[in-house]
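# Commentary on secondary and tertiary structure
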Amino acid sequence: MDRIHIFDTTLRDGEQSPGASMSVEQKLEVATQLARLGVDVIEAGFPISSPHQLEGCKLISRQVRGPVIAALARAVEKDIDCAAESLKDAEHPRIHTFLATSPIHMHYKLKKTPDEVVEMAVQAVRYARGKVAEVEFSPEDGTRSEIPFLCRIIEKVIDAGARIINIPDTVGYTMPWEYSEFLKAIMEGTPNMDKAELSVHCHDDLGVAVANSLAAVRVGARQVEVTVGGIGERAGNACLEEFVMALTVRSDLHPYTTGINTKQIWNTARMLSNTIGFPIPRNKPITGENAFAHESGIHQDGVLKKRETYEIMTPEAVGRDGSVLVLGRHSGMHGFKSRLAQLGLSLSEEETRTAYERFLVIADRKKEVYDDDLYVIVSEQLGREMETYGLEYFNILSGNTAVPTATVRIKEGTEIHEEAATGDGPVDAIFNAIDRALGVQARLLEYVVQAVTPGRAAIGEVSVSLEIGDRKIVGRGASTDILEASAKAYVNALNRWKAFLSMRTGGTDESV
Ligand code: KIV
Ligand code: ZN
């Protein structure tokens, strides 16, 4: 089977995505994970663009072994010198040089004639080949370039030593069937194309970057440029995990292999999301929270009977824990009972029926019923006390010149826990003080505050989502003072966690 080379540009095109910048150390961590994932090429950056980019490329070249390390350069000597310097310690270095070839880019941006562009590209590739053995050339805005001109420039750069020819859909304009015809015409019109590997680089402005990449491999592209999560300029690039899983799941249509260890997909996506602070959209294929979640009663029933009824791949195949049956207003008794059993919450038949009715009332009001809501329902059913902790008092010292400091007093039965802590802001200080007072180690996953009544004296409702151990717990609190609402929400989450600990009778699933 043909091997498709995965060229990952998360650290270059991906990092160009507004808000996605990473420190040099973070880039190294991501690059190390990309090597673990099994990508063939890591484009580490655009060294001439800043000292920080140069440093990142150098560090990755020095430390990451296995994949080819590529550095981007415009088709000018100073860029190529800088790229070569950044790659000097790389095990397998590659210079990726690019120059625009579309009429609009040549005329308005470069202000060069087509002949001048050919000359520049040839000089650049030749110069880069004097520095490293592997050179990739990209005619920028390739899909809006004229085919005869592309064939001419590609033939010349291959003669000058380029071994990878990448045809970018820079502005995400092309359609899958159009792209494959376009690529075929280039391959047919370039006499020495057999001396180079054809690569594609698709942007997602019209949402078809992955479809375009798939269309390209069907007609002969053997390198595909992608980013984790599809991050990149504007609407982003073709998404690595979607492309790889489309090849894998539909291997009947795509008789190709990649070096990707799909079980590392989830770790990689999560790591990138945590590093750059971009949450993974819930409905994102493969890695979104909903990608393996089933809510409707019919779907839950089907999945419980045979998973393949509604799942075309397993969550385990991409390194995730398992499918989740999301309980909501569409869920049936089968899903409800199965979740209680997974959580180790045991009720008699009669109690389960009453709890299910209560669940339906709550599900009607809320979009999603979380596991900790189930603990509340079950504890009510069993007549158990939910409130282990009571917030007695809190005090905040804050201001634009003071280190935010919070003191809290929390009652647990007859015992009083009192502690003070500082934080990055008043809310952080309160949460730190509560953690310290109760001796818990909770990670704040989400903090949302919203006004539930109008006007300046509005009641604010805070919801927090915490991770304690491997469990996710949600808490809510309301007050006209949002700091008090925050403290209440946090304590509420900890009460729910305590309730869970006290009710658990040995379930099977730790993921929520
Ligand atoms: O989108 C693009 O054209 C690019 C090139 C530098 C390959 O990112
Ligand atoms: Zn790009």
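Note that the structure is predicted; figures quoted are calculated from it, not measured.

All right, on to the overall build of the protein then. What the protein contains, in helices and strands, is 16 helices and 18 strands. When each of the 512 residues of the protein is scored for burial, the buried share is 52%. The contacts in the protein between residues at least 6 apart in sequence include a share of 65% that link residues at least 24 apart. Per element, the accessible surface of the protein, about 22,700 Å² overall, is 50% carbon and sulfur. In the protein, the 56 positive side-chain charges and the 73 negative ones have mean positions that sit 1 Å from each other.

Bringing the sheet that holds strand S13 (residues 389-397) into the picture now. Pairing within the open sheet is antiparallel, and its three strands lie in the order S13-S14-S15. Because the sheet does not close on itself, it has two edges, and the strands there are S13 and strand S15 (415-422). When strand polarity is set aside, the average angle formed by the axes of neighbouring strands in this sheet is 15°. Here S13 runs beside strand S14 (residues 405-412); their pairing, made up of eight bridges, is antiparallel. Bridge pairing links Asn395 to Thr407 in S14. Sitting on the sheet, helix H15 (residues 426-438) is in contact with S13, S14 and S15, with an inclination near 140° to S15.

A separate point is the domain arrangement of the protein. Domain annotation for the protein reports domain 1 (2-276), domain 2 (292-320), domain 3 (323-383) and domain 4 (387-502). Here the C-alpha centroids of domain 1 and domain 2 sit 35 Å apart. With both sides pooled, the region where domain 1 packs onto domain 2 buries about 590 Å², and carbon together with sulfur makes up 66% of that total. Its largest share of buried area at the contact with domain 2, domain 1 owes to Val249, Lys263 and Trp266, together 68% of the area lost on that side. Where domain 1 packs against domain 2, one counts three residue pairs in polar contact (both at pLDDT 80 or more). Sorting the residues of the side of domain 1 that touches domain 2 by element identifies helix H9 (240-249) and helix H10 (265-276) as the ones contributing at least two each. For the side of domain 1 that touches domain 2, the per-class residue count stands at four nonpolar, one polar and one charged.

So, on to the coordination of the zinc ion (ligand 2). Protein-derived coordination of the zinc ion (ligand 2) comes from Asp13 (OD), His201 (NE2) and His203 (NE2), at a distance range of 2.0 to 2.1 Å. Donor residues binding the zinc ion (ligand 2) come from one chain and are separated in sequence as D-x187-H-x1-H. A residue pair is termed long-range when its members are at least 10 positions apart, and Asp13 in the loop between strand S2 (5-8) and helix H1 (24-37) and His203 in the loop between strand S8 (197-202) and helix H8 (209-218) qualify at 190 residues. Judged by its relative accessible area of 4%, His203 is buried.

What follows is about the packing of H1 against H10. Two quantities define a packed helix pair, namely the angle between the helix axes and the distance between the axes. Two elements in contact, H1 and H10, have axes separated by 10 Å at closest approach and are oriented at 170°. By the angle between their directions, the pair H1 and H10 is classed as roughly antiparallel. Every residue of H10 that contacts H1 at Gln26, Glu29, Val30, Gln33, Leu34 and Leu37 is listed here: Ile265, Asn267, Thr268, Met271, Leu272 and Thr275.

Taken in spatial order, the three strands of this open sheet run S16-S17-S18, and their pairing is antiparallel. The sheet is open, and its two edges are formed by strand S16 (442-451) and strand S18 (471-479), each paired on a single side. Strand-to-strand twist across the sheet, computed as the mean angle between neighbouring axes with direction ignored, equals 15°.

Contacts to ligand 1 come from Arg12, Asp13, His96, Phe98, Ser138, Glu140, Asn166, Pro168, Thr170, His201 and His203. In this structure, Arg12 approaches ligand 1 through a side-chain N or O atom, which is 3.0 Å from an oxygen atom. In this structure, an oxygen atom belonging to ligand 1 sits 3.0 Å away from a side-chain N or O atom of His203. Coverage of ligand 1 by the protein amounts to 94% of the 260 Å² it exposes when considered alone. Counted by class, the shell around ligand 1 contains two nonpolar, six polar and three charged residues.

To continue, consider the packing of aromatic side chains. For the structure shown, the criterion picks out six aromatic pairs. An aromatic cluster of three or more residues is present, and its members are Phe336, Tyr356 and Phe359. The ring of Trp266 carries Arg320 above its face, with NZ or CZ at 4.4 Å from the centroid. When the ring centre of Tyr393 is taken as origin, the NZ or CZ atom of Arg409, which lies over that ring, is 5.3 Å away.

A few words on the environment of Arg339. Looking at where Arg339 falls in the secondary structure, it is placed in helix H12 (residues 333-342). Taking relative accessible area as the criterion, Arg339 reaches 4% and is therefore assigned buried. Remark: the alpha-carbon pair of Arg339 and Gly302, spanning 37 residues in sequence, is separated by 15 Å.

All right, on to the pattern of salt bridges then. Following the criterion strictly, the structure yields 27 salt bridges and no others. The salt bridge involving Glu140 is made with Lys109; its shortest N-O contact spans 2.7 Å. Taken as a pair, Glu140 in strand S6 (residues 134-140) and Lys109 in helix H4 (residues 103-110) lie far apart in primary sequence, 31 residues in all. Exposure remark for Lys109: the relative accessible area of 45% places this residue in the partly exposed category. The shortest N-O distance in the salt bridge between Arg250 and Asp252 comes to 2.8 Å. When its relative accessible area of 39% is taken as the criterion, Arg250 is described as partly exposed.

What follows concerns the confidence of the model for the protein. Summary statistics for the protein give a mean pLDDT of 91 and a share of 96% for residues scoring 70 or more. Scored below 50 in pLDDT, residues 506-512 shows 22 contacts in the model against residues more than four places distant or in partner chains.

Cut-offs used in this document
- Residues numbered from 1 in each chain as written.
- Chains lettered and ligands numbered in written order.
- Predicted model: local features only at pLDDT ≥ 70, side-chain atom pairs only at ≥ 80, totals over all residues.
- Heavy atoms only, no water.
- Helix = DSSP H or I, 4+ residues; strand = E, 2+ residues; numbered from the N terminus.
- Buried < 20%, exposed > 50% of the residue type's maximum accessible area, 1.4 Å probe, protein only.
- Contact = heavy atoms within 4.5 Å.
- Areas by Shrake-Rupley, 256 points an atom, 1.4 Å probe, with all protein chains shown as cover.
- Lys, Arg positive; Asp, Glu negative; His and termini not counted.
- Charge placed at Lys NZ, Arg CZ, Asp CG, Glu CD.
- Pairing = 2+ DSSP bridges.
- Axes fitted to C-alpha atoms, helices over the stretch in contact; angles between N-to-C directions.
- Domains from an automatic or database assignment.
- Buried area = accessible area lost by both parts, 1.4 Å probe.
- Polar contact = N/O pair within 3.5 Å; in protein donor to acceptor, adjacent residues only side chain to side chain.
- Nonpolar A, V, L, I, M, F, W, Y, C, P; charged D, E, K, R; others polar.
- Donors = N, O, S within 2.8 Å, 3.2 Å for Na, K, Ca; no water.
- Parallel < 35°, antiparallel > 145°, perpendicular 65-115°, else oblique.
- Near = heavy atom within 4 Å.
- Phe/Tyr/Trp six-rings, centres within 6.5 Å; stacked < 30°, edge-to-face > 60°.
- Lys NZ or Arg CZ within 6 Å of the ring centre and 35° of its normal.
- Salt bridge = Lys/Arg side-chain N within 4 Å of Asp/Glu carboxyl O.
- pLDDT = per-residue confidence, 0-100.

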